[in-house]
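Working through the structure, step by step
Below, each chain spelled out in residue letters.
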Amino acid sequence: MQRVKDAKPDVAFIWPPAGNQSTAMLKAVKDLGLREAGVNVISTQDLVPDEELPNMGDVALGLITSGTYSSAADRPANKAFIAAWDKEYAGKAIPDFLSAHGWDGMMAIFDLVKQTKGKFTGDEAIKFFANWKTDNSPRGPISIDPATRDVIQTIYMRRTEMRNGKLANIEFDSIPNVKDPWKELNPPR
């Protein structure tokens, strides 16, 4: 962070592992006064994962990040997910993007079992998943790209704000139907 401050860039893209490392990274940003020095900090959801927001303090306010999920999202499927989460964990844990991704994975498996009544081969499962999609994900519409088997999903632009006395990643824009950028720019030959 000191080298970033010394270089005086207009923008610094910081990409830490999500979790307590992100809180440590923001502590360094605060301690060195990066933002006060005119360095705009941006990142992916890894810098401000929902479960770490209570540990971050005001340094996270106003940060712009991109991500696939925010527990503050105002989607019916997310509200149902949050209600199920709160019923299970009774306020002892905050769901994050990994939680939502796990939920979606289990939803896909449940859909397979439901459609096949639990009787399928490995090839039948792969065929099912290659065409699986849902509009009922906490993170919005998702599907599987049959050509790459990667998820196609919305990427949300978020700003960390104070909501109801707590830090929250508030979505303000979105890019729908995003495929793996590397595979899009580097198709197989």
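Up top you'll find the structure we're talking about.
As a starting point, this report considers the structure included with it. This is a predicted model, so every value here is computed, not measured.

Here we come to empty space enclosed by the protein. In this structure the tally under the stated criterion is one cavity of 30 Å³ or more. Taken as a whole, the largest cavity spans an internal volume of roughly 40 Å³. Around the largest cavity sit D145, T148, D150, I152, K179, D180, K183 and E184, which together line it. Looking at side-chain class alone, the lining of the largest cavity contains one nonpolar, one polar and six charged residues.

On to the layout of surface pockets, then. For the largest pocket, the calculated volume is near 520 Å³. Lining the largest pocket are 21 residues; nearest its centre among them are S71, I94, K166, L167 and A168. Here the lining of the largest pocket is composed, by residue class, of eleven nonpolar, five polar and five charged. The space that makes up the second largest pocket amounts to roughly 180 Å³. The wall of the second largest pocket is formed by F13, W15, T44, Q45, D46, S66, G67, T68, F97 and I155. Each residue belonging to the lining of the second largest pocket can be placed in one class, and the counts come to four nonpolar, five polar and one charged.

Next up on the list: the nonpolar core. L26 and V48 are the most contacted members of the largest nonpolar core, which totals 15 residues. Elements supplying a minimum of two residues to this core: strand 1 (11-14), helix 2 (20-32) and helix 3 (53-56). For L26, the contacting residues outside a window of four places in its chain are L47, V48, M56, V59, A60 and L63. Among the nonpolar cores identified, the runner-up in size contains seven residues, and L112, A125, F128 and I142 belong to it.

On to the packing of aromatic side chains, then. Taken as a whole and assessed by the stated rule, the structure comprises six aromatic pairs. When the centroid spacing of 6.0 Å and the interplanar angle of 80° are considered together, the rings of Y69 and F81 count as edge-to-face. In this pair, Y69 is assigned in the loop between strand 3 (64-67) and helix 4 (76-89) and F81 in helix 4, connecting sequence segments twelve residues apart. As far as burial versus exposure is concerned, Y69 and F81 are alike and both buried. Taking the centre distance of 6.0 Å and the plane angle of 55° together, the rings of F81 and W85 count as tilted.

Below, the discussion takes up unusual backbone geometry. Residue A90 is not a glycine yet carries a positive backbone phi of 45°. Within the secondary structure, A90 is located in the loop between helix 4 and helix 5 (97-116). A positive phi angle, near 55°, is found at K117, a position not held by glycine. Assignment of secondary structure puts K117 in the loop between helix 5 and helix 6 (122-130). Residue K117 is classed as exposed on the basis of its relative accessible area of 71%.

Reading guide: rules and limits
- As a convention, each chain's residues are numbered from 1 in the sequence order in which they are written.
- The predicted origin of the model limits local features to residues at a pLDDT of at least 70 and limits the giving and counting of side-chain atom pairs to 80 or more, whereas totals for whole chains, interfaces and linings rest on all residues.
- Note: side-chain values were computed over all heavy atoms of the structure, leaving out hydrogens and water.
- With a 1 Å grid laid over protein atoms only, a set of points is called a cavity when a 1.4 Å probe fits there but cannot get out and a pocket when it is open yet has protein on both sides within 12 Å along at least five of seven lines; lining residues have an atom within 4 Å of a point.
- Grid points are joined across faces, edges and corners, and a volume is the space filled by probe spheres set on the points.
- By the convention adopted, Pro, Cys, Tyr, Trp, Phe, Met, Ile, Leu, Val and Ala count as nonpolar, Lys, Arg, Asp and Glu as charged, and the other residues, Gly among them, as polar.
- Note on terminology: a nonpolar core comprises buried Ala, Val, Leu, Ile, Met, Phe, Trp, Tyr and Cys residues joined through side-chain atoms within 4.5 Å.
- Throughout this description, buried means an accessible area under 20% of the type-specific maximum (1.4 Å probe, protein chains only), exposed means over 50%, and partly exposed covers the range between.
- We count a stretch as a helix when DSSP gives it H or I for four or more residues in a row; a strand needs E for two or more, and each element gets its number in order from the N terminus.
- Two residues qualify as a contact provided that any one of their heavy atoms is within 4.5 Å of a heavy atom in the partner residue.
- Ring pairs are drawn from Phe, Tyr and Trp, using the six-membered ring of Trp, whenever the two centres fall within 6.5 Å, and their geometry is named by plane angle: stacked under 30 degrees, edge-to-face over 60, tilted for the rest.

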